Amino acid sequence: MAEESPKPSPLLPTFARADLSFERGEGPWLYTDRGERYLDFGAGIAVNSLGHAHPHLVKALGEQAAKVWHVSNLYRIPEGEKLAQRLVDATFADTAFFCNSGAEANEAAIKIARKYHAVGGHPERFRIITVEGAFHGRTLATLAAGGQQKYLEGFGPKAEGFDQVPYGDMEALKAAITPETAAIMVEPIQAEGGVRGFTPQQLREMRELCDQNGILLIFDEVQTGVGRSGKLFAHQRSGVTPDIMSVAKGIGGGFPLGVCLATREAGRGMTAGTHGTTFGGNPLAMAVGNAVLDVVLEPGFLERVERISLVLKQRLAELKDRHPSIIAEIRGEGMLLGVRTKIPNTELAAAAREEHLLLVPAGDNVVRLLPPLVITEADVSEAFDRLDRACARIEASKTGAAA
Ligand SMILES: *Cc1c(COP(=O)(O)O)cnc(C)c1O
């Protein structure tokens, strides 16, 4: 029988997808519909924080699914109040707004910051300062916040109210503050931007600038949060606290869930009717969010993440020594690590995929390793071997081409 040519996909082609489809997962492993096994060090872009099919999460979702899925925010949702309380107890925050994604959490953060000044008698203070290389999402406002020309192109005028300064330039940051500035918004570690972290000193200076100028500090911890950096939240390493923080990705462990946390003061303008969501905070998401926290907040869990991270970093340093023509630099914290390459980063990601190791490219010619937080030393060794073979494969193809 003749092979049929594949039908064109009915999906809007906004993604360049690899020709792989997975039908089940277990821990850090994914299995394709052809029965092949892949080591998942991408974790659905830092989402599957506890790996695939974690028994505690499966149980929580299943039990909630049999009770009630959705009631809307016209009613109280006890699981949501519980999750909010746990997040408040573990952070700087006094209050939480649940939504379904990172971009929505950032939209809430931006609205909270603007409203704070409006109810304080300064509606003209609505501008937000962000940093080049940032990624805050794909809605019209969060695109403007991220400021990346390639993502803004063709979508009409850029949403008003965002001013961008070069990464790491504290003088430029200071100079960008005007009487119209509402907030500074940054990722403590730029993830999509190439795993570039701010130093504790830079975060402290941002906090001081905000305090001196009566403006709010927003941390976007959508990718860095919920243990990804080895701390519950990446900023906790610096001792600096924000006024507002967005969280998503890892907090749902694979279920769509975002949250915007704020101090009572920062959230002072957000009264009934000022913001909303139909799906946000629904009982399914809340059950899973609580189950993720059950595991991540267990004593010793984050210490273990830091310990395994150290092993992984050591192995990556070894890999750099073994393949100096491919690997330029190792970056990152916890399970948010970056390998900056001397070849196109997508080439290393593709070679790793050939070795059945899933990684995620980032900006600045970096390939990210974002494994589930629950990986073992054996998983690290497995990833090392696969990356080592991927690098050897690239080297062989280069010498082959030269010969
Ligand atoms: C992924 C990401 C977002 C956007 O999250 P979505 O869930 O895709 O809307 C925002 N900020 C950061 C730092 C992210 O990594």
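Going by the annotation in an unreviewed UniProt entry, the name recorded for the protein is Acetylornithine aminotransferase, with Alsobacter soli given as the source organism. Its UniProt record, at the heading Subunit (unreviewed entry), says of the protein: "Homodimer."

With that settled, consider the UniProt feature "binding site: pyridoxal 5'-phosphate" (unreviewed entry) in the protein. Per the UniProt annotation, the sites labelled "binding site: pyridoxal 5'-phosphate" (unreviewed entry) are Gly102, Ala103, Phe135, Asp220, Glu221, Val222, Gln223 and Thr278. Across 177 residues in sequence, these annotated residues place their C-alpha atoms as far as 25.2 Å from one another, rather than forming a single compact spot. With respect to the helices, strands and loops of the structure, Asp220 is situated in strand 10 (residues 216–220). For Asp220, a relative accessible area of 4% translates into the label buried.

The next thing to look at is the domain arrangement of the protein. In terms of domains, the protein is made up of domain 1 (55–296) and domain 2 (300–365 + 374–397). Computed over C-alpha atoms only, the centres of domain 1 and domain 2 are separated by 29 Å. Taken together, the contacts link 18 residues of domain 1 with 15 residues of domain 2. Interface area for domain 1 against domain 2, summed over the two sides, is near 1,400 Å², with a carbon-plus-sulfur share of 62%.

Now for the state of the cysteines. For the coordinates displayed, the defined rule picks out zero disulfides. The closest cysteine sulfur to the non-disulfide-bonded Cys99 is located on Cys260, 7.4 Å from its own sulfur. Residue Cys99 is classed as buried on the basis of its relative accessible area of 1%. Summary of cysteine pairing: Cys210 is not part of a disulfide, and the nearest cysteine sulfur, belonging to Cys260, is at 15 Å. Given the relative accessible area of 1%, Cys210 is considered buried.

This chain's UniProt record puts "modified residue: N6-(pyridoxal phosphate)lysine" (unreviewed entry) on Lys249. Leave out the neighbours within four places in its chain, and Lys249 touches Ile45, Ala46, Val47, Glu192, Val222, Gln223 and Leu257.

Our next topic: the site of the ligand. Around the ligand, the structure places Ser101, Gly102, Ala103, Asn106, Phe135, His136, Gly137, Glu187, Asp220, Val222, Gln223 and Lys249. Backbone polar atom of Gly102 to an oxygen atom of the ligand: 2.8 Å apart, as the coordinates give it. In the environment of the ligand, an oxygen atom lies 2.8 Å from a nitrogen or oxygen atom belonging to the backbone of Ala103. The dominant element in the shell around the ligand, judged by the number of residues it contributes, is helix 4 (residues 102–119), at three residues. Residue classes in the shell around the ligand are distributed as three nonpolar, six polar and three charged.

A word on the sheet that holds strand 15 (residues 357–358). Spatially, four strands are ordered 1-2-3-15 in an open sheet, and the strand pairing comes out mixed. The sheet is open, and its two borders are formed by strand 1 (22–26) and strand 15, each paired with just one other strand. Bridge count for strand 1 against strand 2 (residues 29–32) is four bridges, and the pairing is antiparallel. Across the sheet, the residue bridging to Gly25 is Leu30, located in strand 2.

Let's shift gears to the layout of surface pockets. Computed from the structure, the second largest pocket encloses a volume of approximately 690 Å³. For the lining of the second largest pocket, the secondary structure elements donating two or more residues are helix 3 (78–90), strand 4 (95–99), helix 4 and strand 12 (258–262). The leading source of residues in the lining of the second largest pocket is strand 4, at four residues. Considered class by class, the residues forming the lining of the second largest pocket number 14 nonpolar, twelve polar and two charged.

Each value, and the rule that gives it
Residues numbered from 1 in each chain as written. Predicted model: local features only at pLDDT ≥ 70, side-chain atom pairs only at ≥ 80, totals over all residues. Heavy atoms only, no water. UniProt positions renumbered as here; feature names shortened; annotations may be inferred. Helix = DSSP H or I, 4+ residues; strand = E, 2+ residues; numbered from the N terminus. Buried < 20%, exposed > 50% of the residue type's maximum accessible area, 1.4 Å probe, protein only. Domains from an automatic or database assignment. Contact = heavy atoms within 4.5 Å. Buried area = accessible area lost by both parts, 1.4 Å probe. Disulfide = S-S within 2.5 Å. Near = heavy atom within 4 Å. Polar contact = N/O pair within 3.5 Å; in protein donor to acceptor, adjacent residues only side chain to side chain. Nonpolar A, V, L, I, M, F, W, Y, C, P; charged D, E, K, R; others polar. Pairing = 2+ DSSP bridges. 1 Å grid on protein atoms, 1.4 Å probe; cavity = no way out; pocket = protein on both sides within 12 Å on 5 of 7 lines; lining within 4 Å. Points joined across faces, edges and corners; volume = space filled by probe spheres on them.

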